[in-house]
Amino acid sequence: MATTKTIHVKKHSKKHGKNSKSWEKEDDGKQPFYASPLFDFLYPFKAPGSQWVTQYIIVLFVLVISTAIGLGPYSGFNTPPMFGDFEAQRHWLEITQHLPISKWYWFDLEYWGLDYPPLTAYHSYILGKIGFFFWPPWFTLNESRGMETDGIKSYMRFTVLLSELVFYIPGVLYFTKWVGRRRKQSPVGQSIAAAAILFQPSLMLIDHGHFQYNCVMLGFTVLAINNLLDELYAMAAVCFVLSICFKQMSLYYAPIFFAILLSKSLFYPRWFNLARLFAIGIATVATFVAVFAPLYVFGGDARLENVIQSIHRIFPFARGIFEDKVANFWCVTNIFFKYKQLFTQEELQLYSLAATVAGFLPAFIITIFHPKKHLIPYALVACSMSFYLFSFQVHEKTILVPLLPITLMFVSSDWNVLSMIFWINNVALFTLWPLLKKDGLALQYFVIFIMYNWLLGNFSFVTPKFLPKSVTPGPSMSNVSSHYHRRSLLPDSIIWKLIIVVSYLCMFAIHIVDYAVPAPSQYPDLWVLLNCALGFGCFVLFWFWNYYKLFILRNKTIQDI
Amino acid sequence: MPDPVVVDNEIIKSSKTSEQEDQESEKDTKRYSLWNFWICSLFLKFLLIPDYFSTDFDVHRNWLAITNGLPLKQWYYEKTSQWTLDYPPFFAYFEWFMSQFVPKFVRNDGCLDIVPVGQFSWPTIVFQRLTVIITEFLLFIVLQIYINTSKPSEKTQSFVIASSIALSPGFLIVDHIHFQYNGFLFAILIASIVAARNKRYLLCATFYSIALCFKHIFLYLAPCYFVFLLRAYVLQIEGFKFRTYRDLFFIIKWKHLFQLGGIVVGIFGLCFGPFVFDMPQVLSRLFPFSRGLTHAYWAPNFWAIYSFCDKVLTTAVLRVPWILTVAKKTISSNLLPTSIDSIKQAIKQNNNGSKGLVQDVVFTILPQIPPKLTFLLTLLYQILAVIPLLFDPSYKRFIGSLTLCGLASFLFGWHVHEKAVMLVIIPFSFLVIFDRRLLISFMLVTSSGFVSLFPLLYKNEDFIIKCLYTYVWCVIYFFSLRKTTKVSSSVERRVFFLDRIAITYISSLFPMVIIIQLVDLLKWKYPILTKFEFLSLMTYSFYCSLGIISSWIGLSWLYNFDEPLWK
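Small disclaimer: the values here were computed from a predicted structure and weren't measured.

Participant: How should I be thinking about the overall build of chain B in this particular structure?
Facilitator: Scanning chain B from terminus to terminus reveals 26 helices and 0 strands. Across chain B, every contact between residues at least 6 apart in sequence was considered, and the portion connecting residues at least 24 apart equals 74%.

Right under this line is the structure:
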């Protein structure tokens, strides 16, 4: 008998009688991802005393799966002379190692010159130092270019894993716990939400497959959100500035953070809280100064130019409105209007700026008037999505930025919300397909795609009823009534159901033609463009839905997300 | 300490009612299906396809080629490649069967070429990896049957055990990375264990014979099966009264004996029949006695400790020569080397066990170990494990003696592979649910057994995955087993002090692995570390063998001297 289990539960429930009872009585059907395989795996550890086990399981499995993805190739594998993102990151570890800070942003710019903010450089510096300690040939200046040994691959993969473990995972766990407690979610429900967020396939495949350090930037953003939730505004500003200083992409969130901090110090909860305003201001400025100071202090002869050069490198306005094919407004409508011939570079920059501002302005205004905690993810999605859809120089990987707040909304328990978030996660992953295919990560893409959908219960519709119970897919250990009608992650509204199912069918069809039919010779990028068009359509619909939610939730509480 | 026990009992009593209520309400809602575990493990296995594989991959590819390309008679004579067929014929048939499904593009890739060294690429890798993944499905079926046929009150425990086997890091490391078919082979062995539990003795014998004809390593378990089936199925001891010698004749259930014998002989006939005229050749392939005492890397068994002691003594004697002279006076001198010079000579002649590939190991100070001695030791401990079974042929006893037989052969056998530890872990898993006190022993053998598999995957890219997967498995199942194993009435008799030591030992495995990896990475930098180069593997085997031996001692104690456990 499982005697100790009950003993454990009992002891615990005596201590926190109120807390644990409130969720025990909660209708199980209201738990997020109820009856999904993920729920089924974690349910046996539902006792509050065994929550450490669920956390271990989730984090370790995230790491195991990430490492397993990392066994595959990476971007630019075996493609001299320039290779890809992997080589770029390795190169930065190499140059920060050997050059004085004054040379970092100047050295051989043609070959993957450093074009990320200084925090990335410091991060590279530390990792490079550690790597150099273990095996110097990985990072010898110039000679290590294009190195592709087993050792360097393992080391670089390990650094991403470590960065994720340090910067991203704790933040997400804290976030789910914070929200879960406020919403009286069961501990196991919180863990399930955390797993759903941490297993987000796009980030996994880009960071551990394609190779980048997005988890650090996103991790700092999550920490900033956590600090906002805890009402530590100056700290939130610091974390957000660090996020920007790691990768400029997180500027996509900036209007919302600005709006919240401004509103919280000027209007809510009381007028003109100047102390708070100063604290936030000083924290922000001080963090920026601290991050850029080394560039100035160790800048050698041309200190100021060194700082300016770094900023030049970070914001390359000289590039075109879009580079590769990406599922945003400019790239998709470019099929019909050739922007590059119709307008000049400056005009395009202006238009894209105007469109972006128009896109995020409603969210900005709502946030100014309702700086409420439960609105933060929705506002961030609205803002960063409008950047993704309308701004200048967007990469396909940039979808990770709006995807973070989208995925954080997995703490919700509303089936409609969960379904929408889940759907857009799939779409986002789908728009990354051309990139991952180029990297040779097709196996990893499909395995992770299917795994995520299966884990969160999106394949519940394939449950054959005629087989004996023990061999049919279904809950093995969890307490799901056999009468319970399992359902896939689809919203209640018939229109949305239709849109989602049709979009899935289109994805499937595009994959099939992409595999089976060579693209016509006059349009070699046809399948990629179809991919982008579908992605763009879905993103826009989701963006509207998100605005609708933001609008109707503005006067509600955290219980209603 | 009477107080805590009383309190414990009270809690147990009070909680039992709620437990029963729980069970009643959950009776028809839990279905104990391994399906989700199977699907989930599939994803990881697919991701592992591009991973490193060992020479065993080419071994099995070569066997595919041999069985596909040559007539049956020549299978055991073929030696173009050094990886000759050295598994029993059922496995060869199995390879032949799989080779029928090789698609054309895989064949063109060189999958079925009989060549000294295989030339193949991605299609062959995917095909062979898929055969492992697909055939492992049998394991899930057998385990599901095990769960379904267990009593309702034991279903939770059965489920925990079944899933622990299905997700075992041993299978992940050995099958899906290193490359072998253990999941499939052990499924057959488990089928025989399940049949034994369900008192289907003929089925048990059938499955065991089949397993034996697939992989002859299962021969180590033969004494236990022999005695178990003999006592439980063939002999009629209950109600036996000796009047004349004629009664002895009726002690044997002749019908059962002939059924059993017929099945075993039949299966062996099916297996070896086609090779009946080539038996010497087949047997010489199956039992290559020319191999050394320890494998290339010492399996964590008794001989690892023996070799370790030899190394330590050699170093000590070379540093402090008078130890030898003292020792000579106390111990009969023909067991010891004559002088320091002769030791140095011996070291020069045969570079020691840590370096040798498949070669004989020679000890410099301690007496040499002849194969005969290892067999005698193995047999001795197996007989000790089997005797209680003769008096009490219950399923529990059977599993216990099976585990001990596996342990005895693993610890004292000749040329033992580290992979053979699965032969211990699998039966032990079925045993551990019976009593909480077995848990510590089980934890010792699983953790050190799995860790001892780590050197199989020496590539850096596998380091994280093997460590993390084993670690998370241990966290999940040590925790779940602690929650679900039966607490026996004599729980206060546990020696808590030893438990603490065992836990400390288990948790120190992790730093050991990390430190060895660091030493390995940094040995180019600090020349002093190269001195310890041979130490890293030796530490693995020495340290893991400590765990396995203590687990063996613990289990033997409970097996032989603990009465309530076997009621």
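Participant: Sorry if this is basic, but what is going on with the overall build of chain A here?
Facilitator: Secondary structure assignment for chain A yields 25 helices and 0 strands. In chain A, buried positions account for 51% of the 561 residues. Across chain A, every contact between residues at least 6 apart in sequence was considered, and the portion connecting residues at least 24 apart equals 75%.

Participant: What should I look at first to understand unusual backbone geometry in this one?
Facilitator: One can expect most non-glycine residues to show negative phi and most peptide bonds to be in trans. Residues and elements named next belong to chain A. Residue Pro81 is reached from Pro80 by a cis peptide bond, and omega for that bond is 5 degrees. By the element assignment, Pro81 lies in the loop between α4 (51–70) and α5 (85–98). The backbone of Asn78 sits at a positive phi, close to 65 degrees, despite the residue not being glycine. Position of Asn78 relative to the elements: it lies in the loop between α4 and α5.

Participant: Whenever I open this one, the nonpolar core confuses me. Can you help?
Facilitator: Note that soluble globular proteins tend to have their nonpolar side chains buried in a common cluster. Leu38, Ala196, Ala379, Ala382 and Cys383 of chain A together with Leu143 and Ile190 of chain B are the most contacted members of the largest nonpolar core, which has 298 residues in total. Looking at which element gives the most residues to this core, the answer is helix α23 (residues 463–484) of chain B, with 13 residues. Of the residues that make up this core, three or more belong to each of domain 1 (41–135) and domain 2 (294–368) of chain B. Contacts of Ala196 of chain A, omitting those with residues within four sequence positions, involve Phe33, Leu38, Phe410 and Leu456 of chain A.

Participant: I tried to follow the packing of helix α19 (residues 376–390) of chain A against helix α20 (residues 400–408) of chain A on my own but got confused; where do I start?
Facilitator: For any two helices packed against each other, one specifies the inter-axial angle together with the distance between the axes. Residues and elements named next belong to chain A. Here α19 crosses α20 at 155 degrees, and the two axes come no closer than 8 Å. Here α19 lies roughly antiparallel to α20, going by the angle between them. Considering only the axes of α19 and α20, their crossing is left-handed. On the side of α19, the interface is formed by Pro377, Leu380, Val381, Ser384, Met385 and Tyr388, while α20 contributes Val401, Pro402, Pro405, Ile406 and Leu408.

Participant: Just to check I follow, could you spell out helix α4 (residues 89–99) of chain B for this structure?
Facilitator: One turn of the α-helix equals 3.6 residues, which is why residues spaced by three or four share an orientation. Those residues of α4 of chain B that fall on the buried side of the exposure criterion are Pro89, Phe90, Phe91, Ala92, Glu95, Met98 and Ser99 of chain B. Check the buried side of α4 of chain B and you find it contacts α3 (55–69), α6 (122–135), α11 (201–214) and α14 (254–272) of chain B.

Participant: Looking at this structure, I do not really get α5 of chain A. What am I missing?
Facilitator: Residues and elements named next belong to chain A. Taking 1.5 Å of rise per residue, the 14 residues of α5 would be expected to cover 20 Å, and the 20 Å separating its terminal C-alpha atoms lies within 8% of that figure. Buried residues dominate α5, accounting for 12 of its 14 residues. Considered for burial, the residues of α5 that qualify are Phe86, Glu87, Ala88, Gln89, Arg90, His91, Trp92, Leu93, Glu94, Ile95, Thr96 and Gln97. On its buried side, α5 packs onto α6 (101–104), α7 (118–134), α8 (150–182) and α10 (201–211).

Participant: What's the story with the confidence of the model for chain A in this structure? I'm lost.
Facilitator: Detailed conclusions should not be drawn from predicted coordinates in areas where pLDDT is low. Residue and element names in this part refer to chain A. For chain A, the mean per-residue pLDDT works out to 87, and 89% of the residues sit at or above 70. Highest mean pLDDT in chain A belongs to helix α11 (residues 214–229) (96); lowest belongs to helix α1 (residues 3–15) (40). Scored below 50 in pLDDT, residues 1–26 makes 32 contacts in the model with residues more than four places away or belonging to other chains.

Participant: Looking at this model, I keep getting lost on the confidence of the model for chain B. Mind explaining?
Facilitator: Residue and element names in this part refer to chain B. On average, residues of chain B score 84 in pLDDT, and 86% of them reach the 70 mark or higher. Every residue in residues 1–27 scores below 50 in pLDDT, and together they form 13 contacts with partners more than four places removed in sequence or on other chains. In the predicted structure, residues 352–359 sits below a pLDDT of 50 and forms 17 contacts with residues beyond four places in sequence or in another chain. Interface scoring of the predicted complex returns ipTM 0.90; its pTM is 0.90.

Cut-off values and rules
Residues numbered from 1 in each chain as written. Chains lettered and ligands numbered in written order. Predicted model: local features only at pLDDT ≥ 70, side-chain atom pairs only at ≥ 80, totals over all residues. Helix = DSSP H or I, 4+ residues; strand = E, 2+ residues; numbered from the N terminus. Contact = placed C-beta atoms within 7 Å. Buried ≥ 20, exposed ≤ 12 C-beta atoms within 10 Å, placed from the backbone. Core = buried A, V, L, I, M, F, W, Y, C linked by C-beta atoms within 7 Å. Domains from an automatic or database assignment. Axes fitted to C-alpha atoms, helices over the stretch in contact; angles between N-to-C directions. Parallel < 35°, antiparallel > 145°, perpendicular 65-115°, else oblique. Left-handed = near helix turned anticlockwise from the far one by under 90°. Expected span 1.5 Å × (residues − 1). pLDDT = per-residue confidence, 0-100.

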